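Here are the chains, one letter per residue:
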Amino acid sequence: MYELNDKIKNLVPYEPISGTYAIRLDANECPENLPDDIRAEFAERLGNIAFNRYPDPMATRLVDSFSEYYAVKPELVTAGNGSDELIFLIEAAFMQKGDKMLVVSPDFSMYNFYSSICEVSCRTFYKNEALDIDVDALIETVNRDNIDLLMFSNPCNPTGRGITRADAEKLVRSVNALVILDEAYMDFWTESLLDKIEDYSNLIIFRTASKLVGAAALRLGFAVANPAISRALKAVKSPYNVNSVSQAFGEVVYRHKDYLQKRQKTIVNHTKILYNGLVEWARTRQDVTVYSTVANFVFMKTGCSRDIWDYLKQQSIVVRLMGDCLRVTAGTEQEVAAVLGALRTYGENRV
Ligand SMILES: *Cc1c(COP(=O)(O)O)cnc(C)c1O
């Protein structure tokens, strides 16, 4: 009789919230689909795909388009089937059994999740009360505990807070560990280390098409690193990890620079409206802390988190519930107004 091993026998498949809701503010996605002209270009490209052939293993044209948009050298870029694949790949290939990895908390749960499958020992560094990273303390921990891999998001999901470029540089420079800087939300902020990537022997930066770019459906993630690391990443990845449709569509989308920049401004603006509205709402209540944000969502802490989450859900608005916290994605202007409006009625209906 076959038995599943200990590290996987209790795992359950990932299940995003089920059901249909009018307003989805739970996954930090881009609130609007890609515009008609870009989708028309997709349709044209689709007609030219050689479906009988395996995809380009190096995703050359996609990587060129990405690299041009971000002004990095294409030879430093590896495309993945979402950042998710790259997280798994790095933990599996760059770590050896028993190696030590450090994550910060709160942060993206996938980093920790894959460590048990990869048999990497994963430790946690806790953020301070303001949910910020004490960079000096983090450096000390990495060095004291001989950490092999440090992985964190900047800006952070779920807190929406970030460390400056100067602090990120100091961190990378002060440790021997491999540092994965997940910049999934850096399209909404200014503190990227992308242009410094070649200065470091121990840095990998992640980018994704799932947030600002609005192409979560394509599953496109990117790892940017120096030539030695990039070569290793390309060597260990599965050869056909990014399918031809995603490669072709991703190539198109990153060429629409003006559109992406315009969208960036809109989302940042909606995030401000959401944040200001939540701060104002929180003022009328006790027990709600709203954290300022540099990403496309707002994080808040409240003892009523589950109750509020349920209340919003009844009105077909879904946000992300995480213990005593809620994370609300900046949707369209109407969606932001709807969630703020619903929150204002939350108290009224309770008393
Ligand atoms: C959404 C998100 C990503 C993107 O993951 P994909 O697999 O590329 O969709 C990566 N990191 C963080 C922290 C995220 O929140």
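For the structure, check the block above.
Residues numbered from 1 in each chain as written. Predicted model: local features only at pLDDT ≥ 70, side-chain atom pairs only at ≥ 80, totals over all residues. Heavy atoms only, no water.

## Concerning the packing of helix 3 (residues 60-70) against helix 9 (residues 244-254)
Piece 1. Running from amino to carboxyl end, helix 3 crosses helix 9 at an angle of 20 degrees, the nearest separation of the two axes being 8 Å. Put simply, helix 3 runs roughly parallel to helix 9. Viewed along their axes, helix 3 and helix 9 form a crossing whose handedness is left-handed. Note on element contacts: helix 9 touches helix 3 through Gln247, Gly250, Glu251 and Tyr254, opposite Arg61, Leu62, Ser65, Phe66, Tyr69 and Tyr70.
Piece 2. Of the residues that constitute the contact of helix 3 with helix 9, the class distribution is five nonpolar, three polar and two charged. (Axes fitted to C-alpha atoms, helices over the stretch in contact; angles between N-to-C directions. Helix = DSSP H or I, 4+ residues; strand = E, 2+ residues; numbered from the N terminus. Parallel < 35°, antiparallel > 145°, perpendicular 65-115°, else oblique. Left-handed = near helix turned anticlockwise from the far one by under 90°. Contact = heavy atoms within 4.5 Å. Nonpolar A, V, L, I, M, F, W, Y, C, P; charged D, E, K, R; others polar.)

## Description of the nonpolar core
Piece 1. Counting 61 residues, the largest nonpolar core has Leu138, Phe152, Leu171, Leu203 and Tyr254 as its most contacted members.
Piece 2. Looking at which domains feed residues into this core, each of domain 1 (23-30 + 259-349) and domain 2 (38-255) gives three or more.
Piece 3. Those residues in contact with leucine 138 that lie beyond four places of it in its chain are Leu102, Val104, Phe125, Ile133, Leu150 and Leu171.
Piece 4. By size, the runner-up hydrophobic cluster in this structure holds 28 residues, among which are Leu25, Val298, Val336 and Tyr346. (Core = buried A, V, L, I, M, F, W, Y, C linked by side-chain atoms within 4.5 Å. Buried < 20%, exposed > 50% of the residue type's maximum accessible area, 1.4 Å probe, protein only. Domains from an automatic or database assignment.)

## Considerations on the sheet that holds strand 10 (residues 297-302)
Hydrogen bonds along the backbone pair up the strands of a sheet, which may run parallel or antiparallel.
Piece 1. Strand order in this open sheet of five strands is 1-11-12-10-9, and the pairing throughout is mixed. Of all strands in the sheet, those with a lone pairing partner are strand 1 (23-25) and strand 9 (288-290), marking the two edges. Each adjacent strand pair in this sheet contributes to an overall mean axis angle of 30 degrees, direction not counted.
Piece 2. Along the sheet, helix 10 (residues 257-283) contacts strand 9, strand 10 and strand 12 (325-329); its crossing angle with strand 10, the most-contacted strand, is approximately 15 degrees.
Piece 3. Docked against the sheet, helix 11 (residues 305-314) engages strand 10, strand 11 (317-322) and strand 12, running at close to 160 degrees with respect to strand 11. (Pairing = 2+ DSSP bridges.)

## Description of the layout of surface pockets
Using a probe with the size of a water molecule, rolled over the atoms, empty space left in the structure can be pinpointed.
Piece 1. In this structure, the largest pocket spans a volume of roughly 1,100 Å³.
Piece 2. Lining the largest pocket are 38 residues, and of these Tyr14, Ala27, Phe108, Met110 and Arg320 lie nearest its centre.
Piece 3. Listed by contribution, the elements that provide at least two residues to the lining of the largest pocket are helix 4 (82-93), helix 5 (109-117) and strand 11.
Piece 4. When residues of the lining of the largest pocket are assigned to their parent elements, the largest contribution, five residues, is made by strand 11.
Piece 5. Here the residues of the lining of the largest pocket sort into 20 nonpolar, seven polar and eleven charged.
Piece 6. A domain-level breakdown of the lining of the largest pocket finds at least three residues from each of domain 1 (23-30 + 259-349) and domain 2 (38-255). (1 Å grid on protein atoms, 1.4 Å probe; cavity = no way out; pocket = protein on both sides within 12 Å on 5 of 7 lines; lining within 4 Å. Points joined across faces, edges and corners; volume = space filled by probe spheres on them.)

## Some points on unusual backbone geometry
Piece 1. Here the residue pair serine 105 and proline 106 is connected by a cis peptide bond, since its omega of 0 degrees sits within 30 degrees of zero.
Piece 2. Along the chain, the position of proline 106 falls in the loop between strand 3 (100-105) and helix 5.
Piece 3. Proline 155 follows asparagine 154 through a cis peptide bond whose omega is -5 degrees.
Piece 4. Following the sequence through the fold, proline 155 ends up in the loop between strand 5 (149-153) and helix 7 (165-174).
Piece 5. If you check the backbone angles, serine 316 has positive phi at about 65 degrees while not being a glycine.
Piece 6. Structurally, the position occupied by serine 316 is in the loop between helix 11 and strand 11.

## As for helix 7
Piece 1. Among the residues making up helix 7, those that are buried are Ala168, Glu169, Leu171 and Val172. On an axial view of helix 7, the arc spanned by its buried residues comes to 160 degrees, and they lie on one face. What points out from helix 7, more than 90 degrees from its buried face, is the exposed set Ala166 and Arg173.
Piece 2. Where helix 7 is buried, its residues contact helix 6 (135-144), strand 5, strand 6 (178-182) and strand 7 (203-208). (Arc of directions from axis to C-beta.)

## Details of the site of the ligand
Piece 1. Around the ligand, the structure places 14 residues, and the nearest of them are Asp182, Tyr185, Ser210, Lys211 and Arg219.
Piece 2. Between the ligand and serine 83 there is a distance of 2.7 Å, counted from an oxygen atom to a backbone nitrogen or oxygen.
Piece 3. One nitrogen or oxygen atom from the side chain of lysine 211 is found 3.2 Å from an oxygen atom belonging to the ligand.
Piece 4. For the ligand, whose unbound accessible area comes to 380 Å², protein coverage reaches 92%.
Piece 5. Counting atoms within 2 Å of the grid points, the majority share of the ligand lands in the largest pocket.
Piece 6. No other element matches the three residues that helix 4 contributes to the shell around the ligand.
Piece 7. Among the residues forming the shell around the ligand, the class breakdown is four nonpolar, six polar and four charged. (Near = heavy atom within 4 Å. Polar contact = N/O pair within 3.5 Å; in protein donor to acceptor, adjacent residues only side chain to side chain. Areas by Shrake-Rupley, 256 points an atom, 1.4 Å probe, with all protein chains shown as cover. Sits in = over half its atoms within 2 Å of the grid points.)

## So, the pattern of salt bridges
Piece 1. In the structure shown here, the tally under the stated rule is 18 salt bridges.
Piece 2. In this structure, aspartate 6 engages lysine 9 in a salt bridge whose closest nitrogen and oxygen atoms are separated by 2.8 Å. One end of the pair, aspartate 6, and the other, lysine 9, are both in helix 1 (residues 6-9), three residues apart, so they sit about a helical turn from each other.
Piece 3. Aspartate 6 sits in the exposed class, given a relative accessible area of 61%.
Piece 4. Aspartate 36 is paired through a salt bridge with arginine 39; the nearest N and O atoms lie 3.3 Å apart. (Salt bridge = Lys/Arg side-chain N within 4 Å of Asp/Glu carboxyl O.)

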